[in-house]
Amino acid sequence: MTAPPAPAAALRVSPFEAVGEAIEYTKRNLFPFRFDRWLALGFVAFLDQCGRGSGGASSGGNGNWGGGGGAGDHGGPDIRAVTDWLGSHVALVVGITAAALTLIIALIALVTWLNSRGAFMYLDNVATGRADVVRPWREHAERAHSLFAWRFVLGIATLLGVVVLGGLTAFLVLAYAKGRLAGFVALAVGLLVLLPILLVVLVASGLVSVALRDFVAPLQWRLGVSCGEAAGVLWPLVRAHPGSFVVYIGLKIAFGATAAIVVLAAGCLTCCCGFLPVVSQTLLQPLFYFERTWSLVFLRQLGHDVFAISTPEPVAE
């Protein structure tokens, strides 16, 4: 297998240069084309992508309800029948809600666990130039479990934040419907307070998720440490090069939009076969391989050369 590109000189940090190096590394390791290699990498990339790219959507009722006959005292809709039913079936509503939340949490745990295992498997294959499945699954279990714990807590915290904000929104709607709150006040609180808080929660969750996968997991693998220790190594790097990380995130967003268009086009051109799990990652393996390599090259510019090792090395301190 071809050797990784030469280490960047002295901490010259440039996400743009990292793009060029990642493209060259991708070409050297994926071509000439070998179906068995692409298929193995496609399966591992599917695990690495499992659950990623699906943003939690929060739908809030922006009620342009209009006045009509049978409305409440303030001219709004009369939904007292609904509120009365909910009030008389509290136990049923609580039970259904608890069951739904339990199912959602179980699914989040399963997907997050698979994704955490896949993150280290694909990282291993890209950094070493190999295309293994069984070996990295077995070798990186402990660090993947540490990453899973952090991701799971992040996912649950985000879910609870969305649920709480959704509950507050529902409370405002009910208060407005019963005439206890002016329509303007409910709208102002929803748009000027709850919506910005929701956006902050989602953006913060997304940034932490990117940091864990793109940088913390490679640092775990490079240094042989837990997720928390690797995060402690990353934070000083972010503080020392904030502009570079901002540029990286901006480029990452642009790449994500472009990749989504490519995936959509590939799926349409293959009569939807390109949308199937593993098939998509195999057909578009250069896209996924580049994306994984890019953050590793950027991390190498910051002084942590993941390409230089084939197995994790202990922390020097």
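What counts as what
- Residues numbered from 1 in each chain as written.
- Predicted model: local features only at pLDDT ≥ 70, side-chain atom pairs only at ≥ 80, totals over all residues.
- Heavy atoms only, no water.
- Helix = DSSP H or I, 4+ residues; strand = E, 2+ residues; numbered from the N terminus.
- Buried < 20%, exposed > 50% of the residue type's maximum accessible area, 1.4 Å probe, protein only.
- Contact = heavy atoms within 4.5 Å.
- Areas by Shrake-Rupley, 256 points an atom, 1.4 Å probe, with all protein chains shown as cover.
- Patch = residues over 30% accessible without salt bridge, like charges linked within 9 Å, V, L, I, M, F, W, Y side chains within 5 Å.
- Salt bridge = Lys/Arg side-chain N within 4 Å of Asp/Glu carboxyl O.
- Expected span 1.5 Å × (residues − 1).
- Core = buried A, V, L, I, M, F, W, Y, C linked by side-chain atoms within 4.5 Å.
- Phe/Tyr/Trp six-rings, centres within 6.5 Å; stacked < 30°, edge-to-face > 60°.
- Lys, Arg positive; Asp, Glu negative; His and termini not counted.
- pLDDT = per-residue confidence, 0-100.
- Polar contact = N/O pair within 3.5 Å; in protein donor to acceptor, adjacent residues only side chain to side chain.
- Axes fitted to C-alpha atoms, helices over the stretch in contact; angles between N-to-C directions.
- Parallel < 35°, antiparallel > 145°, perpendicular 65-115°, else oblique.
- Left-handed = near helix turned anticlockwise from the far one by under 90°.
- Nonpolar A, V, L, I, M, F, W, Y, C, P; charged D, E, K, R; others polar.
- Arc of directions from axis to C-beta.

Structural notes on the overall build of the chain
Moving on, step 1. Counting its regular elements, the chain contains 11 helices and 0 strands.
Moving on, step 2. For the chain, buried positions account for 37% of its 317 residues.
Moving on, step 3. In the chain, 78% of the contacts between residues at least 6 apart in sequence involve partners at least 24 apart.
Moving on, step 4. As presented, the chain carries roughly 16600 Å² of accessible surface, and 72% of it is formed by carbon and sulfur atoms.

Some details on a nonpolar patch on the surface
Moving on, step 1. A cluster of nonpolar side chains, F31, F33, F35 and L39, forms an exposed patch at the surface whose accessible area comes to about 410 Å².
Moving on, step 2. Turning to its location among the elements, F35 is positioned in helix 2 (residues 35-49).

Here we look at helix 4 (residues 90-128)
Moving on, step 1. Compared with an ideal rise of 1.5 Å per residue, which puts 39 residues at 57 Å, helix 4 spans 56 Å between its outermost C-alpha atoms and is within 8% of the ideal.
Moving on, step 2. Trailing helix 4 by a residue or two, G129 shows a phi angle of about 75°, which is positive.

Description of the nonpolar core
Moving on, step 1. In terms of nonpolar packing, the biggest core is built from 50 residues, with Y122 and F298 touching the most fellow members.
Moving on, step 2. Among the elements of the structure, helix 1 (15-30), helix 2, helix 4, helix 6 (141-177), helix 7 (183-223), helix 8 (227-240), helix 9 (242-269) and helix 11 (285-301) are those that each provide at least two residues to this core.
Moving on, step 3. Here this core takes 9 residues from helix 11, the largest share from any one element.
Moving on, step 4. Not counting chain neighbours up to four residues away, the residues in contact with F298 comprise V13, P15, A18, F215, S244, F245 and Y248.

Here we look at the packing of aromatic side chains
Moving on, step 1. According to the stated counting rule, one finds 16 aromatic pairs in the structure shown.
Moving on, step 2. Each ring, one from Y25 and one from Y289, has its centre 6.3 Å from the other, and the planes form 25°; the classification is stacked. Of this pair, Y25 sits in helix 1 while Y289 is found in helix 11, placing the two residues 264 residues apart along the sequence. Judged on exposure class, the residue Y25 and its partner Y289 are both buried.
Moving on, step 3. Between F290 and W294 the ring centres are 5.8 Å apart and the planes differ by 20°, which places this aromatic pair in the stacked class. With F290 and W294 both in helix 11 and 4 residues apart, this pair spans about one turn of that helix.

A word on the side chain of R117
Moving on, step 1. For R117, the position within the fold is in helix 4.
Moving on, step 2. No salt bridge is formed by the buried R117, whose closest oppositely charged neighbour, E139, lies at an N-O distance of 11 Å.
Moving on, step 3. Contacts of R117, omitting those with residues within four sequence positions, involve W137, R138, A141, A144 and H145.

Section: unusual backbone geometry
Moving on, step 1. In this structure, P32 follows F31 across a cis peptide bond, with omega equal to 5°.
Moving on, step 2. Along the polypeptide, P32 turns up in the loop between helix 1 and helix 2.
Moving on, step 3. A positive phi angle, close to 55°, is found at C271, a residue other than glycine.
Moving on, step 4. Here C271 shows up in the loop between helix 9 and helix 10 (279-283).

Some remarks on the confidence of the model for the chain
Moving on, step 1. Overall, the predicted model of the chain reaches an average pLDDT of 83, with 76% of residues at or above 70.
Moving on, step 2. Within the model, the stretch residues 54-77 combines pLDDT values under 50 with 18 contacts to residues more than four positions away or in other chains.

Considerations on the environment of A308
Moving on, step 1. Looking at the element boundaries, A308 is found in the segment after helix 11.
Moving on, step 2. C-alpha of A308 to C-alpha of R222: the two residues are 86 residues apart in sequence and 9.0 Å apart in space.

Considering the side chain of T112
Moving on, step 1. Within the element layout of this structure, T112 appears in helix 4.
Moving on, step 2. A distance of 2.6 Å separates a polar side-chain atom of T112 from the backbone oxygen of I108.
Moving on, step 3. Those residues in contact with T112 that lie beyond four places of it in its chain are F148, R151 and F152.

With respect to the packing of helix 2 against helix 4
Moving on, step 1. At a minimum axis separation of 6 Å, helix 2 and helix 4 run at an interaxial angle of 135°. Taken as axis vectors, helix 2 and helix 4 run oblique relative to one another. Pair helix 2 / helix 4 crosses with left-handed handedness. On helix 4, the residues touching L41, V44, A45, L47, D48 and Q49 of helix 2 are L114, N115, G118, A119, M121, Y122 and N125.
Moving on, step 2. Taken together, the residues of the contact of helix 2 with helix 4 break down into 8 nonpolar, 4 polar and 1 charged.

Here we look at helix 8
Moving on, step 1. In a regular helix each residue adds 1.5 Å, so 14 residues correspond to 20 Å; helix 8 covers 20 Å between its end C-alpha atoms and thus fits that length.
Moving on, step 2. Of the residues making up helix 8, those classed as buried are C227, A230, L234 and L237. Viewed along the axis of helix 8, the buried residues span an arc of 85°, placing them on a single side of the element. Opposite the packed face of helix 8, turned more than 90 degrees from it, sit the exposed residues W235, R239 and A240.

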